Every structure is written in C-alpha cells, then in structure tokens.
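Structure at a glance
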Amino acid sequence: AGMLMPLGFTIREAASGREALESALAEPPDAVLLDVSMDDMDGWQTARQIRAAGLAEVPIIMVSANAFENRPEKLAAAGCQSFVDKPVIESALLDELQRHLQIEWLAELEMPIWAPPEAPPATAQGALPPELLGELIRLTRLGHLKGLRDALDDALRHHPVCEAEVTQLGMLLARFDLDALLDRLSASLQQAPGVST
C-alpha cells in the first residue's frame, strides 16, 4: 500500500484469505496480491477459491519470503500469473503490474538532480536548505522512493548538522508514510529563513 497508493492506485487490504475472497467477489479488483502465509486459508487456497468463484481474468500475484514457493507448477495449479519475493522490491512489483495490467508509466524523462552548493548557505541550526526541502517535496509528491532515499543520503553527507532532521525524515520514508513526510517537509520549508508562503 505504501508503494502503490502514492502512484494513484486504489488499495483494498484484507486481514485473511476469506476476507480477501469476499472483497474480491464484492467488487472485482484489477489485480490481486496474495501473501502465501495468511490466516484461515493460505494464499494458494485463496487463489483457487477466487478462480472457482468465477474471477478468471483478474491477475493474481503471489507474494512470499520463501523463494521455494515460486514454482511454475504451483502458480499454474492455483491460477496465478506471477510471484514477487519479500521483502518486496518496488521495481519488481511495478514490473509485474505493468506486465499484467498493460500499464504505461508516465514519468519525467529528465529529472533534475539536486546538487549541494560548494559552500552551503547559512541555515538555522539543524534546518535543511530551502532548495533541498523543495526537491524533497517534489520527490515525495511523485512517490519517487529511490530518489528520496538518495537525496536524504546526500543531505546527510553534505549537511551533517541536520542529522537529527534527516533521520526523522528517513524514518517516515521507511514506513512509507509519504503524507506525514510531505507535511513535515512543507512545515520545514515554511519556517525556512527567506521563504514566504
């Protein structure tokens, strides 16, 4: 959900296999992601139940930390289209969704790269420069997780006095809480010297 919602996907979560089945039957989704390990029915049983209920065209992607579960015969027997390893890598998940939903990703062809000035301007103690805050806000709105991680790593290298703030931002990013991250960045930008909103 943290990876897909910022990209515009509508996500419905289920706490068990039975709940996933009921949700899929009540309102058929464009795709189903099933964890192999779930309460009551496991992912394989749930997938077979979804197929038996008549949802034959919905792509089903299995997710598991156990790579040995990724066997073509198991996928075929349960009517699943593909398998994604845990921990889920964003690019791997997006590749599978693109393949099965015929999605065409639209992105900026050239993303400006933020480069720190040779001599960073004086900022309030522990406050990130406004230019960097603006770039982090842009990346957050895009849902560009890798770009955010790289920008925060650069910020830590070039602005060590801001370590506490960068750490807090990194924790929000690690939880995929992009709304809270955007709120914190926007508040910091409003408080930056010389910035009027």
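I will try to describe carefully the structure that is included in this document. Residue indices begin from 1 for each chain and proceed along its sequence in written order. Per-residue local features are limited, in this predicted model, to residues with pLDDT of at least 70; the limit for side-chain atom pairs, both in listing and counting, is 80 or more; totals at the level of whole chains, interfaces and linings are taken over all residues. No hydrogens and no water enter the side-chain calculation; it runs on all heavy atoms of the structure.

Here a helix means four or more residues in a row that DSSP labels H or I, a strand means two or more in a row labelled E, and each is numbered from the N terminus. In terms of regular secondary structure, the chain is built from 8 helices and 3 strands. Only protein chains enter the area calculation, which uses a 1.4 Å probe; residues under 20% of their type maximum are buried, those over 50% are exposed, and those in between are partly exposed. In the chain, which comprises 197 residues, the proportion classed as buried is 34%. Residue contacts are counted whenever heavy atoms from the two residues lie within 4.5 Å of one another. In the chain, of all internal contacts separated by at least 6 residues, the share reaching a separation of at least 24 is 54%. When the accessible area of the chain is evaluated, it comes to approximately 11700 Å², of which 53% is carbon and sulfur surface. Computed by Shrake-Rupley with a 1.4 Å probe, the accessible areas treat only the displayed protein chains as cover when residues are assessed.

The subject of this paragraph is the pattern of salt bridges. Every case where a carboxyl oxygen of Asp or Glu lies within 4 Å of a side-chain nitrogen of Lys or Arg is listed as a salt bridge. Inspection of the entire model under this criterion finds 9 salt bridges. With a closest N to O distance of 2.7 Å, Arg99 and Glu96 form a salt bridge. Here Arg99 and its partner Glu96 are both found in helix H4 (residues 90-101), 3 residues apart, which amounts to about one turn of the helix. For Glu96, a relative accessible area of 15% gives the class buried. Residue Arg184 is joined to Glu165 by a salt bridge in which the shortest nitrogen-to-oxygen separation is 3.0 Å. With Arg184 in helix H8 (residues 178-191) and Glu165 in helix H7 (residues 163-174), this pair connects stretches of sequence that are 19 residues apart. Residue Arg184 is classed as partly exposed on the basis of its relative accessible area, which comes to 32%.

A separate point is the pairing of strand E2 (residues 60-64). Within E2, 5 of the 5 residues are buried, which leaves the element mostly enclosed by the surrounding structure. Side chains Ile60, Met62 and Ser64 project from E2 onto one buried face, and the interleaved Ile61 and Val63 project onto a second face that is buried too. For strand E1 (residues 32-35) and E2, the ladder comprises 4 bridges, and the chain directions are parallel. Paired with Val32 across the bridge in E2 is Ile60. With helix H3 (residues 72-78) bridging E2 and its parallel neighbour strand E3 (residues 82-85), the resulting β-α-β unit is right-handed. Strand pairing is assigned whenever DSSP detects at least two bridges linking the two strands. Assignment of crossover handedness uses the view with strands pointing away from the viewer, where a clockwise path from the first strand over the helix to the second indicates a right-handed crossover.

A negative phi angle is the norm for most residues apart from glycine, just as the trans form is the norm for most peptide bonds. Pro87 follows Lys86 through a cis peptide bond whose omega is 0°. Along the chain, the position of Pro87 falls in the loop between E3 and H4. Positive phi, normally seen in glycine, also occurs at Phe176, with a value near 60°. The residue Phe176 is located in the loop between H7 and H8 in this model.

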